[in-house]
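Secondary and tertiary structure notes
Below are the chains, spelled out letter by letter.
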Amino acid sequence: MNNFTFENTTRIHFGAGQIEKLAEEIPEGSKTLVLYGGGSIKSNGVYEQVAKALEGKEWGEFSGIEPNPQYDTLMKAVEKIREEEFDYLLAVGGGSVVDGTKFIAAAVRFDEGDPWQILTDHKPVEDAMPIGCVLTLPATGSETNIAAVVSRGADKLPFISPLVRPTFAILDPATTLSLSPRQVSNGVVDAFVHTIEQYLTYPVNAKIQDRFAEGILLTLIEEGPKALTTPKDLEVRTNIMWAATQALNGLIGAGVPQDWATHMIGHELTAEYGIDHARTLSIILPAVMKMQREKKKGKLLQYAERVWGITDGSDDERIDGAISATVAFFRQMEVPVSLSDVDVSDSAVKKVTTRLENHGMTQLGEHGDIDINAARSILQLAL
Ligand code: NZQ
Ligand code: ZN
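Residues numbered from 1 in each chain as written. Chains lettered and ligands numbered in written order. Predicted model: local features only at pLDDT ≥ 70, side-chain atom pairs only at ≥ 80, totals over all residues. Heavy atoms only, no water.

We now examine the domain arrangement of the protein chain. Taken domain by domain, the protein chain comprises domain 1 (11-175) and domain 2 (180-381). Just the C-alpha atoms count here: the centres of domain 1 and domain 2 sit 27 Å apart. In this complex, domain 1 contributes 23 residues to the contact, which on the side of domain 2 involves 22 residues. Roughly 1,800 Å² of surface becomes buried between domain 1 and domain 2 when both sides are summed, with 68% attributable to carbon and sulfur atoms. Inspection of the domain 1/domain 2 interface yields zero salt bridges. Taken together, domain 1 and domain 2 are joined by five residue pairs in polar contact (both at pLDDT 80 or more). Those elements giving two or more residues to the side of domain 1 that touches domain 2 turn out to be β1 (11-14) and β7 (155-160). No other element matches the four residues that β7 contributes to the side of domain 1 that touches domain 2. (Domains from an automatic or database assignment. Contact = heavy atoms within 4.5 Å. Buried area = accessible area lost by both parts, 1.4 Å probe. Salt bridge = Lys/Arg side-chain N within 4 Å of Asp/Glu carboxyl O. Polar contact = N/O pair within 3.5 Å; in protein donor to acceptor, adjacent residues only side chain to side chain. Helix = DSSP H or I, 4+ residues; strand = E, 2+ residues; numbered from the N terminus.)

Okay, structure coming up:
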């Protein structure tokens, strides 16, 4: 196991009725800006619950943060916060609202020019407003982690800063019952691939991280399809919600190598073609597994045995079996598994590799060996 420092300071209130905890979480005397997306919280009753919990407190609202949050929209919130002197941010929604709020929190206190430089030039975040969140879509893990992904025109870029980690996160699985089947699938697949990015690398004898990751994968494989076939089952949603948080709260990634090539290639596919985040992952991951099968051999065999129960056959046969089982799971979750599934032609290979090059994404993967040529091969395998 590699050395690590682990910290996750987000206080989690999990379960039915926990939105009322906002009353005690929002600091006394603060002026809170509630940020949300396109209106799902208005139709599923979450907005009313939030408004009720905030009764007696000073608060305003900012709506319209889009999926894959857009810089221009977020900068409008920055302006409002400065003009109206809000001092606390409450994100209510999915990963895009939480990520957007993280960027806003940093941008408000960034005074070295355009805050977009935090993403393009990795300018350090030296200060940020405090954030709390009410999560309504289990997928990204953004509710307790330090990452955010923001889009500006044709660019979609990530940044990380411990200063934007939410102080608290409220997770009531009942809020997820209004998700469309597409968003349910996306969430399960995103959490699955987050786990894989931190697990399917090379062995470092990190038994706890491995077994915890395998537990998350097995839970998602067991519960994910049920969320589609029995969409009103709250216990299924409850297990999925907790799995998604655990998949990217830092714990399974501590002390182990991490990959993230699938995500970085996927972000470019979203920026170029507008494909949902999770669907880019289900398209690219099988190709990464095929391309890197020798370098990931040890972990692929472990994954085959412990996650899919594949113990018979040669090494190659078991690895093939694990890749096929992964693809079959994605199909069962009704997400695409190739570029042709989303009607994207082979011109994507050139477009996406050019984008990766422009963004300096030329040393991806746990060995840093996925250069432009390797990325090209992965995209070709994903056609
Ligand atoms: O905007 P509203 O009206 O709220 O509708 C949203 C949106 O249209 C809807 N939705 C959310 N909760 C709902 C609901 N609809 C009905 N009932 C509910 N309870 O779902 C749609 C998608 O929402 P979005 O927030 O975009 O989805 P998700 O949570 O999957 O977030 C995706 C974003 O997170 C980034 C992705 O790149 C993408 O931009 N990621 C962030 C990460 C992080 N911070 O660590 C890691 C991830 O890998 C990922 O890259
Ligand atoms: Zn993701």
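Picking up after the structure, the text goes on.
All right, on to the sheet that holds strand β2 (residues 31-35) then. Reading across the sheet, the six strands line up as β1-β8-β5-β4-β2-β3 and stay open at both edges, with parallel pairing between neighbours. Two strands bound the open sheet, and with one partner strand each, they are β1 and β3 (58-62). Across the sheet, the mean angle separating the axes of adjacent strands is 20 degrees when strand polarity is ignored. Inspection of the sheet shows strand β5 (residues 131-135) paired to strand β8 (residues 168-171) by four bridges, in the parallel sense. Bridging from a neighbouring strand, glycine 132 pairs with phenylalanine 168 of β8. Against the sheet, helix α4 (residues 71-84) contacts β2, β3 and β4 (88-93), and its axis sits at roughly 155 degrees relative to β3. Sheet strands in contact with helix α5 (residues 95-108) are β2, β4 and β5, and its direction is about 160 degrees off that of β4. (Pairing = 2+ DSSP bridges. Axes fitted to C-alpha atoms, helices over the stretch in contact; angles between N-to-C directions.)

One way to put it is that helix α14 (residues 347-358) packs onto helix α15 (residues 372-381) with a least axis distance of 10 Å and a crossing angle of 145 degrees. Crossing geometry of α14 relative to α15 is assigned as right-handed. In contact with Val349, Val352, Thr353, Leu356 and Glu357 of α14, α15 contributes Ile372, Ala375, Arg376, Leu379 and Gln380. When its residues are assigned to classes, the contact of α14 with α15 shows six nonpolar, two polar and two charged. (Left-handed = near helix turned anticlockwise from the far one by under 90°. Nonpolar A, V, L, I, M, F, W, Y, C, P; charged D, E, K, R; others polar.)

Now for the packing of aromatic side chains. Going through the model one piece at a time under the given rule, you end up with twelve aromatic pairs. Pairing tyrosine 303 with tryptophan 308 gives two aromatic rings, centres 6.4 Å apart and planes at 85 degrees, and the pair type is edge-to-face. Overall, the relative accessible area of 0% leaves tyrosine 303 in the buried class. Ring centres of tryptophan 308 and phenylalanine 329 lie 6.5 Å apart, and the angle between their planes is 55 degrees; this geometry places the pair in the tilted category. Of this pair, tryptophan 308 sits in helix α12 (residues 297-308) while phenylalanine 329 sits in helix α13 (residues 315-332), and the two are 21 residues apart along the sequence. One aromatic cluster is present, formed by Phe192, Tyr199, Tyr303, Trp308, Phe329 and Phe330 through successive ring pairs. Across from the ring centre of tyrosine 47, 4.5 Å away, lies the NZ or CZ of lysine 42, which sits over that ring. (Phe/Tyr/Trp six-rings, centres within 6.5 Å; stacked < 30°, edge-to-face > 60°. Buried < 20%, exposed > 50% of the residue type's maximum accessible area, 1.4 Å probe, protein only. Lys NZ or Arg CZ within 6 Å of the ring centre and 35° of its normal.)

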